[in-house]
Amino acid sequence: MRVIIIEDEKPSARRLQRMLDKLGIEAETMLHSVEESIQWFQENKHPDLIFLDIQLSDGLSFEIFETVNIKSAIIFTTAYDEYALQAFKLNSIDYLLKPIDSEELKSAVEQFQENSPEKQAVTLDFSDIKKLLVNPIDREYKKRFSVKVGQHLKLINVDEIECFYSENKGTYLHTSEGRNYLLDKTLEQLEDELEPHTFFRINRKFSVNINAIKDMVSYTNSRLQIKLNSYNEQDVIVARERVKDFKTWLE
């Protein structure tokens, strides 16, 4: 198996190389920039597997694909946060979060070895992923929503919203004043528009504002029940599969 590492931080590249050595895998080449990688791929036979850092010294590594048609399987390595990695999960792209854990590395390599080569070719349009990888500081999130009240439009600032919820095929926001307003968006669409450190999708029906949480109580089946400042129309329960991520988000 021919393996290369593309990583602009040389200590990180050497650490990954040592971890692969322990798995009996030799990373024969280490590259450190977009420009260097493009030149190497144009002059050499492509490897079976690439460990590829997303952010290189001279740009995003996706720029390599814009110049070279790479047929190798790829495992991305990144220090980006969990929110930015949603696009990777949705597209079933394999990635390792830095600092790389030896067991996760072993699992990723074993998964590569078990899959057939044709399943691993990178043929994706990375435009959606690149949008999510914008520095969160530079991202623009919704600061207010306009809602219809009779024949009027009312503006509601995001910091006035305790939660968003779905009910009877509609999506609503609930304000700190205890009012509910119908929106023309789904909870899925709202996830891309809300600041991820402030709002968290706790289950299929609710997204909550961290500043509106009054209490949290253990609930059946390893779940959590959330008590909000004013919303009390339905039980607000963190889904069991979301509890771990929710606790991390709280910190």
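Residues numbered from 1 in each chain as written. Predicted model: local features only at pLDDT ≥ 70, side-chain atom pairs only at ≥ 80, totals over all residues. Heavy atoms only, no water.

Draft legend 1. Highlighting the sheet that holds strand β14 (residues 206-209). Ordered by their spatial adjacency, five strands build an open sheet running β12-β11-β10-β14-β13, and the pairing between neighbours is antiparallel. The two strands at the open ends of the sheet, each matched to only one other strand, are β12 (180-183) and β13 (199-201). Taken over all neighbouring pairs, the strand axes of this sheet differ in orientation by 20 degrees on average, direction set aside. In terms of strand pairing, strand β10 (residues 161-167) meets β14 through three bridges, oriented antiparallel. (Pairing = 2+ DSSP bridges. Helix = DSSP H or I, 4+ residues; strand = E, 2+ residues; numbered from the N terminus. Axes fitted to C-alpha atoms, helices over the stretch in contact; angles between N-to-C directions.)

Draft legend 2. Molecular detail of the side chain of Thr-171. Summarising the element assignment, Thr-171 is placed in strand β11 (residues 170-175). For Thr-171, a relative accessible area of 7% corresponds to the buried category. (Buried < 20%, exposed > 50% of the residue type's maximum accessible area, 1.4 Å probe, protein only.)

Draft legend 3. Structural context of the environment of His-46. Relative to the elements of secondary structure, His-46 occurs in the loop between α2 (34-43) and β3 (49-53). Residue classification places His-46 among the partly exposed residues on the basis of a relative accessible area of 22%. For His-46, the contacting residues outside a window of four places in its chain are Arg-2, Phe-41, Val-68, Asn-69, Ile-70, Lys-71 and Ser-72. (Contact = heavy atoms within 4.5 Å.)

Draft legend 4. Spotlight on the nonpolar core. Counting 20 residues, the largest nonpolar core has Ile-6, Phe-41, Ile-50, Leu-52, Ile-64 and Phe-76 as the members making the most contacts within it. Listed by contribution, the elements that provide at least two residues to this core are β1 (3-6), α2, β3, α3 (62-67) and β6 (73-78). Counting residues per element, this core draws most heavily on α2, which supplies four residues. For Ile-64, the contacting residues outside a window of four places in its chain are Ile-6, Val-34, Ser-37, Ile-38, Phe-41, Leu-52, Leu-56 and Ile-70. By size, the runner-up hydrophobic cluster in this structure holds 18 residues, among which are Val-3, Ala-27, Phe-51 and Phe-112. (Core = buried A, V, L, I, M, F, W, Y, C linked by side-chain atoms within 4.5 Å.)

Draft legend 5. Local environment of the sheet that holds strand β17 (residues 236-238). Strand order in this open sheet of three strands is β15-β16-β17, and the pairing throughout is antiparallel. Two strands bound the open sheet, and with one partner strand each, they are β15 (213-219) and β17. Looking at each pair of strands side by side, their axes are set apart by 30 degrees on average, direction ignored. Looking at chain direction, β15 and strand β16 (residues 223-228) are connected through six bridges and run antiparallel. The residue of β16 that forms the bridge with Ile-213 is Leu-228.

Draft legend 6. Molecular detail of helix α1 (residues 10-22). Over its 13 residues, α1 runs 19 Å from end to end, which matches the ideal 18 Å to within 8%, given 1.5 Å per residue. Burial in α1 covers these residues: Ala-13, Leu-16, Met-19 and Leu-20. What you see down the axis of α1 is that its buried residues fit within an arc of 125 degrees, all on one side. Exposed residues on α1 whose side chains face more than 90 degrees from its buried face are Pro-11, Arg-18 and Lys-22. For α1, the secondary structure elements touched by its buried residues are β1, β2 (27-31), β3 and α5 (102-114). Immediately downstream of α1, the backbone of Gly-24 shows phi near 80 degrees, a positive value. (Expected span 1.5 Å × (residues − 1). Arc of directions from axis to C-beta.)

By themselves these figures say nothing about function.
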